[in-house]
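# Notes for the structure review
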Amino acid sequence: MTDTSHTRLLIIDFGSQVTQLIARRLREANTYCEIHPYNKVDAGFLRRFNPGAVILSGGPASVIDEGSPRPPKEVFSLGVPVLGICYGQQVMMQMLGGKVESGHGTAEFGRAYVTPKGNLPLLDGWFEDGDEQVWMSHGDHVSAIAPGFEVFGTSPNAPYAIIADTSRHFYAVQFHPEVHHTPNGARLYQNFIKLAGFTGDWTMGAYREEAIQKIRAQVGTAKVICGLSGGVDSSVAAVLIHEAIGDQLTCVFVDNGLLRQNEAEEVVEMFRDHYNMPLIHADERALFLGELDGVSDPETKRKIIGKLFIDVFQKHAAGVGGAEFLAQGTLYPDVIESVSFSGGPSVTIKSHHNVGGLPEKMGLKLVEPLRELFKDEVRALGRELGLPASFIGRHPFPGPGLAIRCPGEITREKLEVLRKADAVYIDQIRKHGLYDEIWQAFVAILPVRTVGVMGDGRTYDFACALRAVTSVDGMTADYYPFTHEFLGETATRIINEIDGINRVTYDITSKPPGTIEWE
Ligand code: XMP
């Protein structure tokens, strides 16, 4: 649990796919909240957390089933507003004396329209143009409401779509106000936090000041090391920590030979020259490329790179002398403990590269100043700290770098061709004003040579694939619908400007079934 001076809202998670969106809606309204799984929230936890309001999320279970998840009953005697969403509504009714029944024609999935019944401050700004569209996703339904509750909205299949006990400030809705398909849903959350007395004091300016104080208090006069990749998270973490403790921070930037064109120079220039940070530029290109020589299996590549990164980081960090802390750009979605109902471990699709294991190995404590933030909040903090917009808006770049954009064996020749092609492609995207619309774009060099004809001569060069996707979080993605003109112009530029490529393809696979990277 994080210590903060803000009034905090507690979201008790029952395993809905969209619980994180509740937190997003609240954060957008400058309200500090945390998500905790139901099985970690007991009376003692509630006392320590001391929430200003509680939201009970949706979830896949049925309250009718024995042993189905419940919040501690003390939630209802804290004297703070409580909002139940979908499963949260049902659990609230079940525990407060109402009734929940299963299925038989009353399940609702998808769009529905709610008709108002009476006035409720929770619904300020609703129903101005008639019935409100909402998103339903429930099998069970409430069949009798608990004593003290009244109905404030109905839908054809949910007579208790919106209910409330206004004297105790308990509110419950059958639909999901947090999703996009409930267009006025954000307003409902804003009304709820207003009712609960939150003042919207969660701003990036305030966060920056508090984070700096916290870092100083945690670190004291000790030294901190930070692996800087040039990505948004580690960059923002480094700048923030540097602002807090100055030269007690040393960054280690590892050039593994798998970076994009000019990347190493840009990162070093920005952090060493512009921000005056002590920065170790570890040129380990020969080591990484040597170890990867002849390796073509994607998982083996990932493992080699992950291990070498740790070795190299450790070697250079040892030179800093007496560092007690390791800084990491861990974000809130990495911290939220997910509720698993299936129990089984999920399949490893790719072993992601990170610096996991380092702190224990090196006996270091962690400084993670971004642990409470979502990605877009990290960007906002970056702007607050004065990082250039071009840097903050950069597409994500994977830890194993170009190695996983070079299926098959990695050679220096292929990497060089790939770097150049990627630079032309990104230049095209920027020139057409598409960079910010696309979540991630890159070139992959394919492990085949194909025959072409240029001028009067035969060519036998590499083929490459262009990739560009839209996504919210990288978990799912769709290919970007470039125009044929754009694709044609880009292919022509790549083939004309770069020796070594004579064929360009566009990857139109979504994720799933594909993944974003090629390996
Ligand atoms: P995939 O290819 O799994 O990628 O669809 C999803 C997102 O994650 C990035 N990615 C990585 N990022 N270390 C990282 O830091 C990794 O090992 C790694 N592998 C993939 C990928 O670029 C995309 O943004």
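Residues numbered from 1 in each chain as written. Predicted model: local features only at pLDDT ≥ 70, side-chain atom pairs only at ≥ 80, totals over all residues. Heavy atoms only, no water.

## A word on the sheet that holds strand β6 (residues 108-116)
Within the open sheet, the 9 strands sit side by side as β2-β1-β3-β4-β11-β10-β9-β6-β7. Their pairing is mixed. Because the sheet does not close on itself, it has two edges, and the strands there are β2 (33-37) and β7 (132-138). On average, each strand axis in the sheet is inclined to that of its neighbour by 25°, with strand direction left out of account. Of the strand pairs in this sheet, strand β1 (residues 9-13) and strand β3 (residues 53-56) are connected by 4 bridges, and their pairing is parallel. Considered in β3, the bridge of Leu-10 is made with Val-54. Sheet contacts for helix α4 (residues 185-195): β1, β3, β4 (82-85) and β11 (170-173); angle to β4, the most-contacted strand, approximately 155°. (Pairing = 2+ DSSP bridges. Helix = DSSP H or I, 4+ residues; strand = E, 2+ residues; numbered from the N terminus. Axes fitted to C-alpha atoms, helices over the stretch in contact; angles between N-to-C directions. Contact = heavy atoms within 4.5 Å.)

## Some points on the pairing of strand β12 (residues 223-227)
Pairing of β12 with strand β15 (residues 323-327), which is carried by 4 bridges, proceeds in the parallel orientation. Across the sheet, residue Lys-223 finds its bridge partner in β15, namely Ala-323. Sheet topology places β12 next to strand β13 (residues 249-255); 4 bridges connect them, and they run parallel. When the bridges of β13 are listed, Val-224 appears paired with Leu-249. Note on the crossover from β12 through helix α6 (residues 232-245) to β13: the handedness is right-handed. (Right-handed = clockwise from strand over helix to strand, strands pointing away.)

## Here we look at the pattern of salt bridges
With the rule as written, the count across this model stands at 30 salt bridges. Linking Glu-28 and Arg-25 is a salt bridge whose minimum nitrogen-to-oxygen distance equals 3.2 Å. Here Glu-28 pairs with Arg-25, and both are found in helix α1 (residues 19-28), just 3 residues apart, close to one helical turn. Each of Arg-24, Arg-25, Arg-27, Glu-28, Asp-376 and Glu-377 takes part in a single network of salt bridges with overlapping partners. (Salt bridge = Lys/Arg side-chain N within 4 Å of Asp/Glu carboxyl O.)

## Comments concerning the sheet that holds strand β16 (residues 365-367)
Read from one edge to the other, the open sheet built from 5 strands follows the order β14-β13-β12-β15-β16, with strand pairing classed as parallel. The outermost strands of the open sheet, each flanked by one partner alone, are β14 (279-283) and β16. For this sheet the average axis-to-axis angle between neighbouring strands, irrespective of direction, equals 30°. Docked against the sheet, helix α7 (residues 263-274) engages β13 and β14, running at close to 165° with respect to β14. The strands that helix α9 (residues 298-320) touches are β12, β13, β14 and β15; relative to β12, the one it contacts most, it runs at about 150°.

## A word on the side chain of Arg-493
Mapped onto the elements of the fold, Arg-493 is located in helix α15 (residues 484-497). There is a polar contact of 2.9 Å between the side chain of Arg-493 and the side chain of Asp-427. Sequence-distant contacts of Arg-493, that is, excluding residues within four places in its chain, are made with Val-424, Asp-427, Gln-428, Lys-431 and Ile-498. (Polar contact = N/O pair within 3.5 Å; in protein donor to acceptor, adjacent residues only side chain to side chain.)

## Section: the domain arrangement of the protein
Annotation of the protein at the domain level lists domain 1 (9-195), domain 2 (204-392) and domain 3 (411-506). For domain 1 and domain 2, the distance between their C-alpha centres works out to 38 Å. Residue-level contacts link 16 residues of domain 1 with 11 residues of domain 2. Between the two partners, domain 1 and domain 2, sit 3 salt bridges. (Domains from an automatic or database assignment.)

## Thoughts on the nonpolar core
Across soluble globular proteins, nonpolar side chains show a tendency to be buried alongside one another. Ranked by internal contacts, the top residues of the largest apolar core, which has 51 residues, are Tyr-425, Ile-429 and Phe-482. Going through the elements one at a time, β13, α8 (285-292), α9, α14 (412-431), β17 (440-454), β18 (457-470), α15 and β20 (501-506) are the ones with two or more residues in this core. The leading source of residues in this core is α9, at 9 residues. Inspection of this core shows a minimum of three residues originating in each of domain 2 (204-392) and domain 3 (411-506). With residues near it in sequence (within four places) discarded, Tyr-425 still touches Ala-441, Phe-442, Val-443, Leu-466, Arg-467, Ala-468, Phe-482, Phe-486, Thr-490, Ile-494 and Tyr-506. Ranked by size, the runner-up nonpolar core spans 45 residues in total, among them Ala-222, Ile-241, Ala-244 and Ile-392. (Core = buried A, V, L, I, M, F, W, Y, C linked by side-chain atoms within 4.5 Å. Buried < 20%, exposed > 50% of the residue type's maximum accessible area, 1.4 Å probe, protein only.)

## Some words on the environment of Ile-145
Relative to the elements of secondary structure, Ile-145 occurs in the loop between β8 (141-144) and β9 (150-155). A relative accessible area of 22% places Ile-145 in the partly exposed class. For the pair Ile-145 and Leu-96, spaced 49 residues apart in the sequence, the C-alpha separation amounts to 8.7 Å. Once residues lying within four places of it in the same chain are set aside, the contact partners of Ile-145 are Met-93, Gly-98, Glu-150, Val-151, Tyr-160 and Ile-163.

## Concerning the packing of α6 against helix α12 (residues 375-384)
Axis separation between α6 and α12 bottoms out at 10 Å; the angle between their running directions is 45°. With respect to α12, the element α6 is oriented oblique. Once α6 is placed against α12, the crossing between them reads as left-handed. In this structure, α6 uses Val-232, Asp-233, Val-236 and Leu-240 to contact α12, whose residues at the interface are Lys-375, Val-378, Arg-379, Leu-381 and Gly-382. Of the residues contributing to the contact of α6 with α12, the split by class is 5 nonpolar, 1 polar and 3 charged. (Parallel < 35°, antiparallel > 145°, perpendicular 65-115°, else oblique. Left-handed = near helix turned anticlockwise from the far one by under 90°. Nonpolar A, V, L, I, M, F, W, Y, C, P; charged D, E, K, R; others polar.)

## Quick look at unusual backbone geometry
Most of the time, phi is negative for any residue but glycine, and the peptide bond is trans. Cis geometry is found at the peptide bond from Lys-511 to Pro-512, where omega equals -15°. Pro-513 follows Pro-512 through a cis peptide bond whose omega is 10°. Structurally, the position occupied by Pro-513 is in the segment after β20. One non-glycine residue with positive phi stands out, namely Asn-50, at about 55°. Of note, Asn-50 is situated in the loop between α2 (43-49) and β3. Assessed through its relative accessible area of 57%, Asn-50 is described here as exposed.

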